[in-house]
Amino acid sequence: MPAALKQFTDTYLMWNEGYLIWISDILIALTSIGIVATLTYFKKWKWLWKEWLTSVDHKRIGIMYLIAALLMMFRGGADAMLLRTQLASPNSHFLTAEHYDQIFTTHGTIMILFMAMPMIFAMFNIVVPLQIGARDVAFPYLNAISFWLFFFGAMLFNISFVFGGSPDAGWVSYPPLTELGFDKGPGENFYLLSLQISGIGSIATGINFLATILKMRAPGMKLMRMPLFTWSVVAASIVIIFAFPALTIALALLMLDRIVGTHFFTMLHGGDPMMFVNLFWIWGHPEVYIVVLPAFGVFSEVVATFARKRIFGYTSMVASLLLISVISYFVWAHHFFTMGAGADVNTFFAVASMMVAIPTGVKVFNWLFTMFRGRISFELPMLWTLAFVPNFIIGGATGVMLAVAPADYQYHNSYFLIAHFHQVLIAGPVFGLIAGMYFWWPKMFGFKLDEKIGRIAFWLFNIGFYVCFMPQYALGFKGMQRRMYTYPAGMGWHTLNLISTIGAYIMGLGFLFIVVQIVYSIKYGERDLTGDPWNGRTLEWSLPSPAPHYNFAVIPTVTDRDMLWVMKQEGREGELRRINPDAIADIHMPKNSGRPFLMGLAFFVAGFGFVFNWYVLAVIGLVGVALTMILRAFEWDDEYHILAEEVREVEAALGRL
Amino acid sequence: MAVAHTTVAPHQHVADKPLEYQNPVQSVKILGFWIFLATDMLLFGCLFATYLVLRTHTDGGPTPHDIFDVRGFTIETFVLLTSSFTGGMSTLAMRNGNKRQLLTWLIVTIALGLTFVGFEASEFVSDALRGATMQRSAFLSAFFTLVGTHGTHVSIGIIWMIVTAIQVAKKGINPISARKVFVVNLYWHFLDVVWVFIFTVVYLSGVVM
Amino acid sequence: MSTSTDKLTQGNGPSHAKHRSGQYVLGYLLSLVLTAISFALALTHAMHVAPLMIVMTILAGFQIVVQLFFFMHVTEGDGPPYHSLALILGLIFTFAIALMSVWIMGFGSQVS
């Protein structure tokens, strides 16, 4: 091999690191070739571009978010398996310390930013316009931009695995470890830029859904008639728009430190590393509420639907959602109680943190009271919701323990903390979003996911969860710290770690069953011909599954909360399901556009340039971004009509006229 | 887009509303932009927080007192305040349907914006020549980043205003271009407010302390 | 839902009346005067630092009001004033973040 080539492969492709990377390269190459070959063989390139990559339809964008989230869950889960395998026995050398660091970093970052976030955005996109009786979101074009920024951000992050090296400073990426002096590698740059790019997309999504919900509700749908999932999206969007700028700044300043040589967070020249920690958690704590609030929304819909009862305490549900979203801004310092900011600061943030438990408790009781004397049917969404309750309560209780500032000095960064936040983040967002996925899957694809395989997956995942994380509380008390890549034999940690690892494998098996379930159901799943497989309560179930491109042929007028359910009780649901052909008018819809995709690509190029300090590439990317924006400004004609006649034909074919 | 049809109550007379709000699609975009301004406010809030925390961390290098040039930032302030006013005048001309006035005010605003950016750039250069670079100390890093982010916003605003002016020139005043003029001016006034806080928190405080 | 709109669109009335520039000129003068007061107080060292900071912050607050009401037409709009709500929340969080960061990071003054 010529010296220059060898240098390239060693520096960027890391081929000198051994067979693991070679296998990964081969697998990635094979997968890519497979995808390209399949698309070419079935002549699907044009279809892919026209129907998906350029789509501004919220339903399609939602589905793309969902697919990306599931893939990322697989990647993050595989990371988790590797971590747990390494920790199963003392003095293990399954992974090197360096690789272990990289893997826990990518596990955390991917699960929060590239799994949980797209998963909630999938739900936002698929459900909100249908629930409020709209034809799309307020800014469909911006919605596509958000998706492609997320997508290319995630790509940039994942490509670090085989090109340049992964970040290895933890998902929180604290300086001074992440300053240039201690971390030369491009891995940290990958982290900073990919989060930055996808973060811009997240802010845009927050703005988009706030505007959508505030402005585009069907006539008569007052705020207090909105379904609770929509309310949870309002709360989450408020948190997004006010929290994400802090992440933007934290990442940007750290990047300036690394690229320009400023001294925000360095140890020298007056820099203050703790300021990064402060800024990071101004975003970081609200972030966990961003991902958990939509899950609360899902639980509210699921509980009401499967208990066949109106949700108990609707007003208090709304109030608690909004309270949580506001209080969540005033708790961030509990992530660094041990910094030593003093008794005043720690007391304030301890009390504020405990206060979050109050509105959350209100919500749990409301769900329980909704189930009370309901006619509960135990289908998959309901199963996950029921499993959430005890699980989340344990997580919440340990959270209150951690909120006690003096006690936190003992728990800080121990496995007790690890067990706590996995418990709240898995029981909340993961259970919630899986429940939501099962619940709205028929609406997305027109068929249900198989119940039997789903139950196996449910029990495996749940049992696995407790087996995996309960021992970790004990490990924390026994002094095991997070991010240790191995431990000596005589610490008394072996058995508990082994149990925990077994639990993780069981969870992994559970995830595989979900995959099997999806694949099986594509072919054999029960078709949803009515559009209302669960005997639903809200507007989206009055539409056929999947909903037509324009959603509502005629926008319904809303007179009640749980509109569809009320009409069912009065025997009038036909009014929503039968369209009067004369009421159908021409519909304006936004045109598809390839520009959001290209803009994401330009961001990717710019980000890639900055990662390796290849400024020519970076400038090319930024010019591309500017060009796409300016071209958009001159695009005045971005809508088209669906003629009433066409709508009538579609509705007639669906049997709704 | 009929997607945004819903919130127009039937009894309202379209003509009662300013031009930029008459089309519901454009009206939603204005709301979206207000929300964006709220997030941008937080962005600056974090930069202000960083500056406030780090402003005493001069590491033996230049202090605020050493580098702030009263004459320079007074001129910058006056120029930007005036540009906010002329931007407002362009909104007024748009509402009166006077295309020529609208374009004139936009061009005046752009010129004032360029003047502001020019003064700021020369201020930065003269600081740097005196050894006060953003690599010198945490205070200077925070100062240049906060003020520079505002300057970048203004520069983007200038490009945006040029793009808007071209569209007005080509298409005249209608609900779409009216919305565009209104929104770019919202952005411009917002930057003026941010500047008020910059001269209060950064420059004047720096001179006083 | 948007019944309150008519009350919200004050100031600039129906579009058949010519809009006047008086509002803008007044806003401009106010912003200049407020700025001049701030500058004068600071540059003449008229007060002690702490009260001066408070006075200048209040003056800056007035400037927000001037820009919002005289230039940005914050009272106008289509439907309920959601944008005002967003701005108020944003302002609260902005000040909270800036001031609480100073409070939290104050420990640094003893360290560095």
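Predicted model only: the values in this text are computed from it and were never measured.

1. Some remarks on the overall build of chain C
Summing up its helical and strand segments, chain C has five helices and zero strands in all. For chain C, the sequential pattern of α-helices and β-strands runs α-α-α-α-α. Classification of the 112 residues of chain C by burial places 32% in the buried group. Contacts spanning at least 24 positions in sequence make up 64% of the contacts within chain C whose residues lie at least 6 apart.

2. Some points on the interface of chain A and chain C
The interface of chain A with chain C comprises 16 residues on the first partner and 15 residues on the second. Taken together, the elements giving at least two residues each to the side of chain A that touches chain C come down to α7 (186-215) and α9 (273-307) of chain A. Classifying every residue of the side of chain A that touches chain C gives nine nonpolar, four polar and three charged.

3. Let's talk about the nonpolar core
Within soluble globular proteins, side chains that are nonpolar tend to cluster in buried spots. Within the largest apolar cluster, 292 residues are counted, with the highest numbers of intra-cluster contacts made by A:Ile120, A:Ile241, A:Ala246, A:Ala250, B:Ile35 and B:Ile198. No other element matches the 23 residues that α9(A) contributes to this core. Contact partners of A:Ile120, with chain neighbours within four places excluded, come to A:Ala236, A:Val291, A:Pro294 and A:Leu433. Formed by eight residues, the second largest nonpolar core is a distinct cluster that contains A:Phe552, A:Ala553, A:Ile555 and A:Ile587.

4. Let's talk about helix α4 (residues 70-95) of chain B
Residues and elements named next belong to chain B. Across its 26 residues, α4 extends 38 Å between first and last C-alpha, which sits within 8% of the 38 Å expected from 1.5 Å per residue. Counting buried positions along α4 yields 19 of 26 residues, so the element is predominantly enclosed. Of the residues flanking the end of α4, it is Gly97, one or two places downstream, whose phi is positive at about 75°.

5. Structural notes on the UniProt feature "domain: Cytochrome oxidase subunit I profile" (unreviewed entry) in chain A
Following the UniProt record, one finds the feature "domain: Cytochrome oxidase subunit I profile" (unreviewed entry) at residues 43-559 of chain A. Helix makes up 69% of residues 43-559 of chain A and strand 0%, whereas the separation of the span's terminal C-alpha atoms amounts to 48 Å.

6. As for the domain arrangement of chain A
Residues and elements named next belong to chain A. Splitting chain A by domain gives domain 1 (1-43) and domain 2 (44-593 + 638-653). Counting residues per element, the ones that place at least two in the side of domain 1 that touches domain 2 are α1 (3-13) and α2 (19-41). The element contributing the most residues to the side of domain 1 that touches domain 2 is α2, with six residues.

7. Let's talk about helix α15 (residues 451-477) of chain A
Here α15(A) spans 40 Å end to end across 27 residues, near enough to the 39 Å set by a 1.5 Å rise per residue. Directly beyond the C-terminal end of α15(A), a positive phi value near 95° is found at A:Gly479.

8. Points about the interface of chain B and chain C
The partner chain C presents 53 residues to the 46 residues of chain B that form the contact. Of all the secondary-structure elements, those providing two or more residues to the side of chain B that touches chain C are α1 (19-22), α2 (24-54), α4 and α7 (175-208) of chain B. The dominant element in the side of chain B that touches chain C, judged by the number of residues it contributes, is α2(B), at 13 residues. Considered class by class, the residues forming the side of chain B that touches chain C number 29 nonpolar, 13 polar and four charged.

9. Section: the domain arrangement of chain C
Domain annotation of chain C identifies domain 1 (20-75) and domain 2 (78-106). Between the C-alpha centres of domain 1 of chain C and domain 2 of chain C the distance comes to 20 Å.

10. Regarding the UniProt feature "transmembrane region" (unreviewed entry) in chain C
Residue and element names in this part refer to chain C. What UniProt calls "transmembrane region" (unreviewed entry) maps, in this numbering, to residues 25-43, 49-72 and 84-106. Annotation note: span residues 25-43, helix share 100%, strand share 0%, distance between end C-alpha atoms 27 Å. Structurally, residues 49-72 is divided into 96% helix and 0% strand, and its ends, taken at the C-alpha atoms, are 32 Å apart.

Analysis parameters
Residues numbered from 1 in each chain as written. Chains lettered and ligands numbered in written order. Predicted model: local features only at pLDDT ≥ 70, side-chain atom pairs only at ≥ 80, totals over all residues. Helix = DSSP H or I, 4+ residues; strand = E, 2+ residues; numbered from the N terminus. Buried ≥ 20, exposed ≤ 12 C-beta atoms within 10 Å, placed from the backbone. Contact = placed C-beta atoms within 7 Å. Nonpolar A, V, L, I, M, F, W, Y, C, P; charged D, E, K, R; others polar. Core = buried A, V, L, I, M, F, W, Y, C linked by C-beta atoms within 7 Å. Expected span 1.5 Å × (residues − 1). UniProt positions renumbered as here; feature names shortened; annotations may be inferred. Domains from an automatic or database assignment.

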